[in-house]
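Okay, here's what each chain looks like letter by letter:
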Amino acid sequence: MPNSPTGPRVAAKPLFLCKPFVTSQLVKGSFSTIVVLPKYVDQGEWLALNVFEFFDMLNRFYGVINEFCTPRNCPSMSAGPGLDYTWLDANKKPMRLPAPTYIEYVLQWINNRINDETIFPTKAKGGFPQSFEQTCKGIYKQMFRIFAHIYHTHFDKILHMSLEAHFNSLFVHFIHFSRTFNLLEQRDLEPLRALIENFEEQGLFKDG
Amino acid sequence: TQASGSLNNDYIIFSRDDSMFSSSTKERAKALKLKVELHYNQSVAHAVERNQRRVELEQELASEARMSEERKNRRRQQLGKQESSFLRLRRLRLTADDFLTVKVIGKGAFGEVRLVQKKDTGKIYAMKTLLKSEMFKKDQLAHVKAERDVLADSDSPWVVNLFYSFQDAVYLYLIMEFLPGGDLMTMLIKYEIFTEDVTRFYMAQCVLAIETVHKLGFIHRDIKPDNILIDKDGHIKLSDFGLSTGFHKTHDQAYYQRLLENTSTPPSEQQTSRPRNSVMVDAIHLTVSNRNQINTWRKSRRLMAYSTVGTPDYIAPEIFLHSGYGQECDWWSLGTIMFECLVGWPPFCAEDAQETYRKIVNWQTQLYFPDEIQLSPEAEDLIRSLITSADQRLGRHGAEEIKAHPFFRGVNWDSLRSIDAPFKPQLTSITDTSYFPTDELENVPERPEVAAARANAMSQQPTQIGEETGLPFIGYTYTRFNRLSRQGGL
Ligand SMILES: Nc1ncnc2c1ncn2[C@@H]1O[C@H](COP(=O)(O)OP(=O)(O)OP(=O)(O)O)[C@@H](O)[C@H]1O
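Residues numbered from 1 in each chain as written. Chains lettered and ligands numbered in written order. Predicted model: local features only at pLDDT ≥ 70, side-chain atom pairs only at ≥ 80, totals over all residues. Heavy atoms only, no water.

## A word on the overall build of chain B
Moving on, step 1. When helices and strands are tallied, chain B shows 17 helices and nine strands.
Moving on, step 2. Sorting the 490 residues of chain B into buried and exposed places 53% on the buried side.
Moving on, step 3. Taking contacts inside chain B between residues at least 6 apart in sequence as the whole, the part at least 24 apart equals 71%.
Moving on, step 4. Accessible surface, chain B: about 22600 Å² in total, of which carbon and sulfur atoms supply 50%. (Helix = DSSP H or I, 4+ residues; strand = E, 2+ residues; numbered from the N terminus. Buried < 20%, exposed > 50% of the residue type's maximum accessible area, 1.4 Å probe, protein only. Contact = heavy atoms within 4.5 Å. Areas by Shrake-Rupley, 256 points an atom, 1.4 Å probe, with all protein chains shown as cover.)

Next comes the structure, spelled out in structure tokens:
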């Protein structure tokens, strides 16, 4: 389980929860205009485009910090003290992987799906498979983990590059979207619960 | 490493320091910033446009008192389908591999234009490629962005339609409508001179086309016969906004300069003027009996079009003089083209670019109408009122002034695009390239620096997933809703 704010060392409050960074946003106003399903539009199409775009941008954020996300600095895929994600191997056995390896697998795995015509059709005729929503949930869960790892381990790099407003807004958008379409389970959110609550108190998830 | 400490419970002082990052990471971060900003601006714009389309439909349906509710719902579903397929197109990642080259139909300073066929749909397009590394060197980034924006923003019949754009490590690609009639330069090479009636037709069409560009807020700055393209009916469209300037931040050269600061960009190469490859021709001594010489000039004219320097023949003097210029500079260009149509060569043509510059700047003494060629007084007067100083030039108060000139008496401006053109291309198929100098193009050698840049870029490591190379090209991937839905798109 990830740390809670009432841990033994109060000074260890993660950087991303500290002011002024936690209140830094690129996008002002409500995300709902660009989150809710446009009227008469096919939901699969909307999910597909948004998942595609979140992936694209998250991938670019990782591209900015990846020279510091090395097996040495990040021997495990951690999302805060006490929480390490494991990768399931071909036999569904959990494996501990260095974060860069884990993330590379995830990015490749998502990329393969997004470029698979049978899952994310781009041709005029192709339809979405029955399992499409399930696939999106799977992708979303993994993308969340990358957000969590960057927030917990590399947020200082985000600050050095002055990208926190951009990263925070992307994350607010990401969570707002997941709530609207039920893409993440409550327990998946645990590693960034304090951040999400903080954003909530700031009114960032308000509708309209 | 970082100087951070807490002021009070949760207020942190953090001194930012990017010196630990490699320069490529810094570039990536800058590009990402722009990308995210663009993404949110566009997302909001898309939502607003979507909403507008829905409101428009609802208004239309509300006015249809007799339409059944069922039919109205069908119309709504139809809109939803269209919107959905537009969303789908935004996931489409076209690459050069999606197109088959039929033929190279044009060459320019930074790349070439090919007739291509989209593999899956069989549809025909013109694909313009621009070598990114070359533009980088030549300060052309802003130009390309500007070109894209003009093409994209206009829905005008006078401007070549842009359907899609994408890039790879080496090139930018513009997928445009294919105009099978070639260009005015090729036509002038073929016909040598036009009658006044034919000239009137092309000039009148150009007036409307340039007026459109001006109304979009742009100055073309590079109106010349090679950029005046002919469609299947023989009507003209303007292409090539490579040099046009607009009012967007991203059209500003300085904008890119700032972005590219701190990167090891060599100062842009000095453009050396390359002498024309062949015969020296002095316009003043040129007479009708010198047709052979003119033809040789024409051949070198085409070579000129393929060179980086380009031809300065049509450029207004105020542009060289750096004294500031406005939309009226395009009317000067029109005047020089009109002169060429009637006389057979542009008014300031000379042995080399330098000499042409000199003549243009001294246009008062250098503009000369040969005695052997009979022009109507109206034609000569129009040319003289266009090829004149900017503060005297006809058109400086708007295109209406030019439309009202006696040379255009009798022109019906409203129906100009629907009347029969003097030359209508005779086409045998949708891929007919007989109006393009394709044989000649095959023999135009690639400039060595272009070849080297291409080879160099090709040999570089493939880029990371989804990563676009190069800084200011983010957002270059473009599709347009209306165009795609109305014209069947890709
Ligand atoms: N959409 C099109 N359809 C048919 N032919 C085209 C089209 N666009 C360009 N061409 C042909 O290709 C030639 C070169 O195109 P263009 O002038 O756009 O490129 P360029 O010369 O590279 O531009 P620049 O002036 O920036 O160097 C044109 O003169 C024309 O003959």
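Next comes the rest of the description.
## Points about helix α11 (residues 353–361) of chain B
Moving on, step 1. Within the sequence span of α11(B), burial applies to B:Ala353, B:Thr356, B:Lys359 and B:Ile360. Down the axis of α11(B), the buried side of the element spans an arc of 120 degrees, and every buried residue falls inside it. (Arc of directions from axis to C-beta.)

## Considering the sheet that holds strand β6 (residues 162–167) of chain B
Residues and elements named next belong to chain B.
Moving on, step 1. The strand order across the open sheet formed by five strands is β3-β4-β5-β7-β6, and the pairing between neighbours is antiparallel. Pairing within the sheet leaves two strands with one partner each, and these edge strands are β3 (99–107) and β6. For this sheet the average axis-to-axis angle between neighbouring strands, irrespective of direction, equals 25 degrees.
Moving on, step 2. Where β6 and strand β7 (residues 171–176) come together, five bridges link them in antiparallel fashion. Each residue of the ladder has a partner; that of Ser165, found in β7, is Leu174. (Pairing = 2+ DSSP bridges. Axes fitted to C-alpha atoms, helices over the stretch in contact; angles between N-to-C directions.)

## A few points about the environment of B:Tyr325
Moving on, step 1. Among the secondary structure elements, B:Tyr325 is positioned in the loop between α9 (317–320) and α10 (328–343).
Moving on, step 2. We classify B:Tyr325 as partly exposed; its relative accessible area is 29%.

## Observations regarding the environment of A:Asn73
Moving on, step 1. Inspection of the secondary structure puts A:Asn73 in the loop between α2 (43–65) and β1 (77–78).
Moving on, step 2. One polar contact links the side chain of A:Asn73 to the main-chain carbonyl oxygen of A:Phe68, over a distance of 2.8 Å. (Polar contact = N/O pair within 3.5 Å; in protein donor to acceptor, adjacent residues only side chain to side chain.)

## Side note on helix α5 (residues 184–191) of chain B
All names here are of chain B.
Moving on, step 1. Residues of α5 that are buried include every one of Leu184, Met185, Thr186, Met187 and Leu188, and no others.
Moving on, step 2. The backbone nitrogen of Met185 lies 3.1 Å from a side-chain oxygen of the residue at the head of α5, namely Asp183.
Moving on, step 3. Once α5 ends, the next one or two residues include Glu192, with phi positive near 65 degrees.

## Points about the confidence of the model for chain A
Moving on, step 1. Per-chain confidence: chain A averages 91 in pLDDT, with 94% of residues scoring 70 or above.
Moving on, step 2. Here residues 1–11 of chain A scores under 50 on pLDDT; set against residues more than four positions off or in separate chains, the count is twelve contacts. (pLDDT = per-residue confidence, 0-100.)

## A look at the confidence of the model for chain B
All names here are of chain B.
Moving on, step 1. Mean pLDDT for chain B: 77, with 70% of residues reaching 70 or above.
Moving on, step 2. A low-confidence stretch, residues 461–483 stays under pLDDT 50, and its non-local contacts, those more than four residues away or across chains, total 84 contacts.
Moving on, step 3. On the interface metric, ipTM, the complex scores 0.87, and its pTM is 0.69.

## Brief notes about the nonpolar core
Moving on, step 1. In terms of nonpolar packing, the biggest core is built from 85 residues, with A:Met143, A:Phe144, A:Tyr151, A:Phe171 and A:Phe174 touching the most fellow members.
Moving on, step 2. Elements supplying a minimum of two residues to this core: α1 (32–35), α2, α3 (99–114), α4 (132–160), α5 (164–181) and α6 (193–201) of chain A together with β2 (12–14) and α1 (23–63) of chain B.
Moving on, step 3. Those residues within four positions of A:Phe174 in sequence are excluded, and the remaining contacts are A:Phe54, A:Tyr140, A:Met143, A:Phe144, A:Phe147 and A:Leu184.
Moving on, step 4. Core analysis: the second largest hydrophobic core is formed by 62 residues, B:Ile315, B:Leu334, B:Ile383 and B:Ala421 among them. (Core = buried A, V, L, I, M, F, W, Y, C linked by side-chain atoms within 4.5 Å.)

## Re the state of the cysteines
Moving on, step 1. In this structure the tally under the stated criterion is zero disulfides over all chains.
Moving on, step 2. Just so you know, B:Cys341 is unpaired, no disulfide at all, and the nearest cysteine sulfur is the one on B:Cys206, 7.9 Å from it. (Disulfide = S-S within 2.5 Å.)

## Describing the interface of chain B and chain A
Moving on, step 1. With 46 residues of chain B at the contact, the number on the chain A side is 57 residues.
Moving on, step 2. Around 4900 Å² of area is buried between chain B and chain A when both sides are counted, 62% of it from carbon and sulfur atoms.
Moving on, step 3. Joining chain B to chain A, the criterion identifies five salt bridges.
Moving on, step 4. Between A:Glu53 and B:Arg90 there is a salt bridge; the shortest N-O distance is 3.4 Å.
Moving on, step 5. Inspection of the chain B/chain A interface yields 20 residue pairs in polar contact (both at pLDDT 80 or more). (Buried area = accessible area lost by both parts, 1.4 Å probe. Salt bridge = Lys/Arg side-chain N within 4 Å of Asp/Glu carboxyl O.)

## Describing the packing of aromatic side chains
Moving on, step 1. A complete count under the given rule lists 38 aromatic pairs over all chains for this structure.
Moving on, step 2. Ring geometry for A:Phe171 and A:Phe199: centres 6.5 Å apart, planes at 55 degrees, overall tilted. Within this pair, whereas A:Phe171 is found in helix α5, its partner A:Phe199 is found in helix α6, the two being separated by 28 residues in sequence.
Moving on, step 3. The class for A:Phe199 is buried, based on a relative accessible area of 0%.
Moving on, step 4. Sitting over the face of the ring of A:Phe68, A:Lys157 holds its NZ or CZ atom 4.9 Å from the ring centroid.
Moving on, step 5. Its end group placed over the ring of B:Trp158, B:Arg417 keeps NZ or CZ at 4.7 Å from the ring centre. (Phe/Tyr/Trp six-rings, centres within 6.5 Å; stacked < 30°, edge-to-face > 60°. Lys NZ or Arg CZ within 6 Å of the ring centre and 35° of its normal.)

## Considering the packing of α10(B) against helix α13 (residues 377–386) of chain B
All names here are of chain B.
Moving on, step 1. At a closest axis distance of 8 Å, the pairing of α10 and α13 adopts a crossing angle of 145 degrees. Between α10 and α13 the crossing geometry is left-handed. Residue-level contacts link Trp331, Trp332, Leu334, Gly335, Met338, Phe339 and Leu342 of α10 to Ala379, Leu382, Ile383 and Leu386 of α13.
Moving on, step 2. When the residues that make up the contact of α10 with α13 are grouped by side-chain class, the tally is ten nonpolar, one polar and no charged. (Left-handed = near helix turned anticlockwise from the far one by under 90°. Nonpolar A, V, L, I, M, F, W, Y, C, P; charged D, E, K, R; others polar.)

## Digging into the pattern of salt bridges
Moving on, step 1. Scanning the model with the defined rule gives 29 salt bridges over all chains in all.
Moving on, step 2. When the shortest N-O distance is used, the salt bridge between A:Asp56 and A:Arg60 registers 3.2 Å. Of this pair, A:Asp56 and A:Arg60 both sit in helix α2, four residues apart, which is roughly one turn of the helix. Residues A:Asp56 and A:Arg60 agree in their burial class; the two are buried.
Moving on, step 3. Notably, a salt bridge pairs B:Glu69 with B:Arg76, separated by 3.6 Å at the nearest N-O pair.
Moving on, step 4. When its relative accessible area of 48% is taken as the criterion, B:Glu69 is described as partly exposed.
Moving on, step 5. Residues joined in a network through salt bridges with shared partners are B:Glu211, B:Lys215, B:Glu400 and B:Lys403.

## A few points about empty space enclosed by the protein
Empty space left among the atoms is revealed by rolling a probe the size of a water molecule over them.
Moving on, step 1. Applying the stated criterion to the full structure yields three cavities of 30 Å³ or more.
Moving on, step 2. Considered as a void within the structure, the largest cavity measures approximately 90 Å³ in volume.
Moving on, step 3. The wall of the largest cavity is formed by A:Ile34, A:Trp46, A:Leu49, A:Asn50, A:Glu53, A:His173, B:His39, B:Ser43, B:His46, B:Arg50 and B:Arg90.
Moving on, step 4. Put simply, the parts of the chain that give the lining of the largest cavity at least two residues each are α2 of chain A together with α1 of chain B.
Moving on, step 5. Broken down by class, the residue content of the lining of the largest cavity amounts to three nonpolar, five polar and three charged. (1 Å grid on protein atoms, 1.4 Å probe; cavity = no way out; pocket = protein on both sides within 12 Å on 5 of 7 lines; lining within 4 Å. Points joined across faces, edges and corners; volume = space filled by probe spheres on them.)

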